[in-house]
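For reference, the chains in residue letters:
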Amino acid sequence: MRIDDVVDAYRRELAVRRGLSARTVAAYAAEARSLLAFLADLAGQDASEPIDVAHLELADVRAWLAARQRAGHARASIARHSSSIRTFCTWLCREGYADADAAARLKAPAADNALPHVLNQEQARLLLSHAAGLAETGEPLAVRDSAAVELLYASGLRISELCGLDVDSLGADSTVRVIGKGDKERIVPFGVPARRALASYLAVRGALLRAPTRALFLGARGGRLDPRTMRDVVHRLAAGAGVPDVSPHDLRHSAATHLLDGGSDLRTVQEILGHSSLSTTQRYTHVSSERLRQAFDQAHPRA
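Residue positions within a chain follow its written sequence, with the count starting from 1. Local features in a predicted model are, by the rule used here, given only for residues with pLDDT of at least 70; side-chain atom pairs are given and counted only at 80 or more, and totals for whole chains, interfaces and linings are based on all residues. To get the side-chain values, take all heavy atoms of the structure and skip hydrogens and water.

**Student:** Could you give an account of the overall build of the chain, with specific residues and numbers?
**Tutor:** For the chain, the count of helices and strands is 12 helices and two strands. Elements are defined by DSSP. Helices are runs of H or I of four residues or more, strands are runs of E of two residues or more, and each kind is numbered from the N terminus. Secondary structure of the chain in N-to-C order comes out as α-α-α-α-α-α-α-β-β-α-α-α-α-α. Dimensions along the principal axes, computed over C-alpha positions, put the chain at roughly 65 × 60 × 30 Å. Considering the chain as a whole, with its 303 residues, one finds that 41% of them fall into the buried category. The long-range fraction of contacts in the chain, counting pairs at least 24 apart against all pairs at least 6 apart in sequence, stands at 61%. Here the open area of atoms and residues is found with the Shrake-Rupley method and a 1.4 Å probe, where only the protein chains shown may cover a residue. A total of about 15,900 Å² of accessible surface is found on the chain, and carbon and sulfur atoms cover 51% of it. Positive: Lys, Arg. Negative: Asp, Glu. His and the chain ends are not part of the count. For this purpose, a charge sits on NZ of Lys, CZ of Arg, CG of Asp or CD of Glu. Taking the average place of the 39 positive charges on the side chains of the chain and the average place of its 35 negative ones, the gap between the two points comes to 3 Å. We call a residue buried when its accessible area falls under 20% of the maximum for its residue type, exposed when it is over 50%, and partly exposed in between, using a 1.4 Å probe and counting protein chains only. Any pair of residues with heavy atoms lying within 4.5 Å of one another is described as a contacting pair.

Written out as structure tokens, the structure reads:
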């Protein structure tokens, strides 16, 4: 079969039988295609020619991962590639394309345990105050940006989750219904500042509309707000506020850290962030511990 045929069949497996999100399907399919193209290149084949993976071996998979590493992919990315390609190789074997599961004995490299990049609470306040100040002009995009960053920080949403919200995702009780990874739904609360910013935005949202749409946050052309645009907005607002450069995901990290700093328990933070594993949430306890250590070192006479 040609590479396109194999990848299309794999895509159907992920989307239909396993019910993975479109984003996950796209990522897994892209990595499967990358491996097959790598193998075709090693064999001196054109990517449009039929490819034979019957004798795919662990050494082939390791060679592909090594090439990804040489291309500059971070350790965490290589760990993700290893996980997704194990799924692909298992499928190849089960469907009869390969004689054996080439990645059954593949061990993923340990991911870096680098602490998340977060703003402190004063820096977060400056960022949000700067966005609110720009929104006071009443310019619809500025009002949208203020509401979006307020909600990002208040609820710890992923950028894809924020941009995927519909108007009816907002609850009357200051909650937002979120569809997260794996199409899992969760309800996340937000506070008074975010509620006020959202009310201001909803009052001017009609000025951005070009055609009927359920999307909550709209782009300049009236369609659903693109995640890349929102990333640019956060970087621009951080520069204008004079705080360290952050991404939307850094605001999610900041929200989680500040919840723990304020006394929230891990299970609550896990539920708010939509983590499937508590171990993912536990990384934020290290950030809070570092803050405690810094405060102790600065304040205690015997530190």
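**Student:** Explain the pattern of salt bridges residue by residue, including any values.
**Tutor:** The term salt bridge refers to a pairing of a side-chain nitrogen on Lys or Arg with a carboxyl oxygen on Asp or Glu at a separation within 4 Å. Per the counting criterion, the structure on display carries 18 salt bridges. Linking Glu 185 and Arg 177 is a salt bridge whose minimum nitrogen-to-oxygen distance equals 3.9 Å. In the salt-bridge network here, residues are joined through shared partners; they are Asp 166, Asp 168, Arg 177, Glu 185, Arg 214 and Arg 224.

**Student:** Any chance you could break down the packing of helix H5 (residues 121-135) against helix H9 (residues 227-241) for me, citing the residues and the numbers?
**Tutor:** In this analysis, axes come from line fits to C-alpha atoms, helices being fitted only over the stretch in contact, and the angle between any two N-to-C directions falls in the range 0 to 180 degrees. Where H5 meets H9, the closest approach of the two axes is 9 Å, and the angle between their N-to-C directions is 100°. One element, H5, and the other, H9, form an angle in the roughly perpendicular class. Contacts from Leu 126, Leu 127, His 130, Ala 131 and Leu 134 of H5 reach H9 at Leu 237, Ala 238, Gly 240 and Ala 241. In terms of residue class, the contact of H5 with H9 is built from seven nonpolar, two polar and no charged. Between 65 and 115 degrees an angle is taken as roughly perpendicular, under 35 as roughly parallel, over 145 as roughly antiparallel, and anywhere else as oblique. Just so you know the grouping, Ala, Val, Leu, Ile, Met, Phe, Trp, Tyr, Cys and Pro go in nonpolar, Asp, Glu, Lys and Arg go in charged, and all remaining residues, Gly too, go in polar.

**Student:** Tell me about the nonpolar core, and name the residues and values.
**Tutor:** Counting 42 residues, the largest nonpolar core has Leu 127, Leu 151, Leu 162, Leu 198, Tyr 201, Phe 217 and Met 230 as its most contacted members. Elements supplying a minimum of two residues to this core: H5, helix H6 (140-155), helix H7 (159-163), strand E1 (175-179), helix H8 (192-204) and H9. Excluding residues that lie within four positions of it along the chain, Leu 127 makes contacts with Leu 119, Leu 237, Ala 238, Ala 241, Val 243 and Leu 251. Grouping buried Ala, Val, Leu, Ile, Met, Phe, Trp, Tyr and Cys residues that are joined through side-chain atoms within 4.5 Å yields what is termed a nonpolar core. Counting 31 residues, the second largest nonpolar core, distinct from the first, contains Ile 3, Leu 36, Val 53 and Trp 91.

**Student:** Describe the packing of aromatic side chains, with residues and values.
**Tutor:** Aromatic ring pairs are reported here in terms of the distance separating the ring centres and the angle at which the planes meet. Centres within 6.5 Å are what make two rings of Phe, Tyr or Trp a pair, Trp counting through its six-membered ring; a difference in plane orientation under 30 degrees is then read as stacked, over 60 as edge-to-face, and the rest as tilted. Throughout the structure, instances matching the rule amount to five aromatic pairs. Ring geometry for Tyr 10 versus Trp 91: centroids 5.1 Å apart, planes at 45°, classification tilted. With Tyr 10 in helix H1 (residues 3-17) and Trp 91 in helix H4 (residues 75-94), this pair connects stretches of sequence that are 81 residues apart. When its relative accessible area of 0% is taken as the criterion, Tyr 10 is described as buried. Between Trp 91 and Tyr 97, the aromatic rings sit 5.2 Å apart at their centres with planes inclined by 40°, giving tilted as the arrangement. Pairwise contacts between aromatic rings join Tyr 10, Phe 88, Trp 91 and Tyr 97 into one cluster.

**Student:** Explain the pairing of E1 to me, using residue names and the numbers behind them.
**Tutor:** Where a strand is regular, its side chains alternate between the two sheet faces. Between any two strands, pairing holds if DSSP finds at least two bridges. Judged from the five bridges that link them, E1 and strand E2 (residues 185-189) form a sheet pairing that is antiparallel. Each bridged residue has a counterpart across the sheet, and for Arg 177 the counterpart in E2 is Ile 187. Following E1, the chain reverses through five residues before pairing antiparallel with E2; Gly 182 in that reversal takes a positive phi of roughly 70°.

**Student:** I'd love a proper account of H5, names of residues and values included.
**Tutor:** A helix is expected to span 1.5 Å for every residue after the first. Taking 1.5 Å of rise per residue, 15 residues should cover 21 Å, and H5 covers 21 Å from first to last C-alpha, within 8% of that figure. Restricting attention to buried positions, one finds in H5 the residues Ala 124, Leu 127, Leu 128, Ala 131 and Ala 135. Looking straight down H5, one finds its buried side chains confined to an arc of 90°; they lie on one side. Buried residues belonging to H5 abut H6, H9 and helix H10 (248-261). The definition of a polar contact used here is a pair of N or O atoms within 3.5 Å, where within protein one atom must be able to donate a hydrogen and the other to accept one, and adjacent residues in sequence count solely through side-chain atom pairs. Capping the start of H5, Asn 120 holds a side-chain oxygen 3.1 Å from the backbone nitrogen of Glu 122, two or three residues further along. Working definition: the arc comes from the directions between the helix axis and the C-beta atoms, pointing outward to the latter.

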